[in-house]
Amino acid sequence: PPLKRFVDPLPRPMAAIPDRSVYPGADYYEFTMRQGTWQFHRDLGPSPVWGYWAANPNDPHKPIGMGYLGPTLNTTRDHPTVVKWRNELPTTHMFQHVIDLIRKPDPELTPIPPPPYKSVQPFPADIDVWNVVHQHGGYTAPQSDGLPMQSFSPEGFHAEGYTTLDPGRAKPNEAIYGYTNHDHSCMLWYHDHAMGMSAINVYAGLAGLYFVRDPADERLGLPRGEFEVPLILQDRTFNADGSLAYTMTNREGEDTPVVNGKAYPFLEVEQRRYRLRILNASNERFWRLRFDVPRDVLLQPQLPFWLIGTDGGFRAPLQMLDFLIGPAERYDLIVDFSKIPVNKHVTLTNYPGTQVHSPGIPGCGPEIADIMRFKVTKPPSGGGDRSTPPEKLKLQAVPPIKPKPHTRRREWVVYQHQLFRTMTFNAMPFMEPSQDFIKEGSTEIWEYINPNHDAHPMHVHLVNFQVLNRQPIDAAAYQKQYDKWVYGGRKPEDYPVLANYFTGPPIPPDPDEALSYKDTVKAPAQMVTRIIIQEFIPPTDEIASIPGSGAKLPATYIHHCHLLEHEDDDLMRPWTIVRADT
Ligand code: C2O
């Protein structure tokens with residue numbers, strides 16, 4: 001039977017508690033990855049899950065966590081954080097059948113493409129679990145970035161790129177990373193980024209929130225405390241006993257929306273403004289979200305809301321009725337429940353919508369509609385809502401990054417191989433060494449050329465960027481010429497000249513993504529999506545006087561599709577910042 005909706009209260013991820021005595025000048029945390037149990041719904045049995053537990057400096061016997069996902073890291077802008085990530089997961093994977101299929105692919109059975117090149121090779125065949133943690137969207141030195149080649153196993157086996165700060169304090173199954181928090185105030189997140197298996201690791205529960213706050217924000221008058229609510233959106237499939245099933249089939253009726261770890265939860269709200277901080281932490285699903293109200297409640301069927309920030313921080317407030325959020329994107333919203341009568345409700349829903357220039361958005365299908373419900377229970381407590389009305393918020397518009405005539409363009413072709421059932425950028429497997437050398441301090445335009453039939457959320461580590469525009473291309477002709485280049489020995493004269501394939505003029509970014517700080521962008525099918533990245537400069541400062549914690553040039557980072565199955569299967573490439581005078 002279908003799960004009963006809106007019977008479980010929305011959990012709130014707990015906050016980790018810093019220890020300030022270990023590294024003077026930094027907040028220090030110890031996070032341990034562990035297997036636990038978690039109930040996704042009142043009527044589902046407990047499921048084995050993976051999650052992060054934070055050491056509790058006030059009571060060592062009471063680690064902080066809930067089993068699934070991980071505690072929230074709250075940080076202050078420019079005040080660094082040091083985290084020791086410890087791997088105490090079982091040495092057999094929760095989705096061992098997937099590992100077995102990756103090792104020994106069965107083309108009839110496997111829902112996952114066979115290993116393209118080297119994605120599972122950093123580890124010997126008797127090691128089935130490895131992990132690494134990436135702080136998504138942060139301004140971080142490469143040795144603390146949690147890149148796939150930095151993976152390490154519970155037994156303490158290291159991939160060749162393993163790094164740790166302060167090695168004397170790290171056991172083999174641990175890695176110590178430092179985060180500068182030189183970011184705008186924003187909601188980042190951390191998640192598993194293991195070589196070739198981030199999809200099953202995140203699916204098992206390895207993700208959590210990371211807030212950067214600026215003390216200056218307090219003057220803005222935003223809803224805060226219990227009126228600021230993070231929503232981690234995921235979709236999950238369950239076995240009959242309530243345990244997580246990793247199928248990636250998107251079977252009709254079997255995909256269940258999960259918010260902060262609960263299926264179809266509800267949140268009791270007052271008649272006031274709330275700040276909702278939404279993260280799409282799904283493996284592959286895009287959500288088109290809106291707030292539906294019952295017909296008799298308002299004159300209109302949806303509750304309008306204000307967008308006040310995206311991936312990398314605040315933006316000029318924008319009133320909206322719906323938006324499309326791709327995997328790894330964040331939307332910072334003000335939603336006003338003050339006009340909703342007590343005992344009425346508002347439902348956060350996902351609906352297919354018309355995808356004018358976004359054909360092939362996966363997961364927007366009808367199989368998930370209702371996600372969660374806000375039940376309005378009472379008038380505002382504490383003498384009323386004193387938060388600033390969104391239209392009066394003093395939020396500066398993000399200044400546009402303007403391309404100059406000499407700004408370098410870099411092409412990244414989303415290439416679906418014909419021989420392998422896998423995808424790459426520029427027909428290059430991930431493990432081929434970096435070939436993209438970017439001068440420190442330079443500004444570049446990156447063009448994600450997507451000639452296939454699906455949209456991909458593209459994420460660039462280290463930087464924030466702006467969406468410049470998109471332009472439709474003759475995808476079939478482009479693909480044909482690209483195939484010719486690949487299979488004809490990559491002769492320069494065969495390489496498709498992008499400008500010859502345009503089928504229309506550039507389309508400006510959508511209002512919700514224009515003039516905002518992004519780290520992940522939707523690259524729709526049969527389009528080139530252009531982003532502009534200002535100032536490739538890695539953080540060079542030493543964190544908490546830990547020697548070697550600052551970045552050194554050359555500094556290699558990555559970018560990838562954030563459909564986790566694609567990132568594992570080679571739609572990911574390194575790139576390198578080099579000295580400006582080289
Ligand atoms: Cu959220 Cu490289 O990832």
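Structure shown above.
Residues numbered from 1 in each chain as written. Predicted model: local features only at pLDDT ≥ 70, side-chain atom pairs only at ≥ 80, totals over all residues. Heavy atoms only, no water.

A separate point is the sheet that holds strand 3 (residues 47-54). Taken in spatial order, the 4 strands line up as 3-2-5-7 in an open sheet, and their pairing is mixed. In this open sheet, the two edge strands, each paired with only one partner strand, are strand 3 and strand 7 (174-179). Averaged over all neighbouring strand pairs, the angle between strand axes comes to 20°, with direction disregarded. As paired elements, strand 2 (residues 27-38) and strand 3 share 8 bridges and run antiparallel to each other. When the bridges of strand 3 are listed, T32 appears paired with W53. (Pairing = 2+ DSSP bridges. Helix = DSSP H or I, 4+ residues; strand = E, 2+ residues; numbered from the N terminus. Axes fitted to C-alpha atoms, helices over the stretch in contact; angles between N-to-C directions.)

This part takes up the sheet that holds strand 24 (residues 423-425). The mixed open sheet is built from 5 strands, whose spatial order is 24-23-26-30-28. The strands lining the two open edges of the sheet, one partner per strand, are strand 24 and strand 28 (465-472). When strand polarity is set aside, the average angle formed by the axes of neighbouring strands in this sheet is 20°. One ladder, built from 3 bridges, connects strand 23 (residues 408-416) with strand 24; its direction is antiparallel. Paired with V414 across the bridge in strand 24 is F425.

Okay, the packing of aromatic side chains next. All told, the structure shown has 34 aromatic pairs when counted by the stated rule. Seen from their ring centres, Y274 and F337 are 5.6 Å apart, and the 70° between their planes marks the pair as edge-to-face. Placement of the pair is Y274 in strand 15 (residues 273-280) and F337 in the loop between strand 20 (330-336) and strand 21 (345-350), with a sequence separation of 63 residues. Both residues of the pair, Y274 and F337, belong to the buried class. A network of ring pairs unites the aromatic residues F227, Y274, F291, F305, F323, Y331, F337 and F374 as a single cluster. Positioned over the ring face of Y23 is R169, at 4.8 Å from the centre of the ring. The ring of W287 carries the charged tip of R285 above its face, separated from the ring centre by 5.3 Å. (Phe/Tyr/Trp six-rings, centres within 6.5 Å; stacked < 30°, edge-to-face > 60°. Buried < 20%, exposed > 50% of the residue type's maximum accessible area, 1.4 Å probe, protein only. Lys NZ or Arg CZ within 6 Å of the ring centre and 35° of its normal.)

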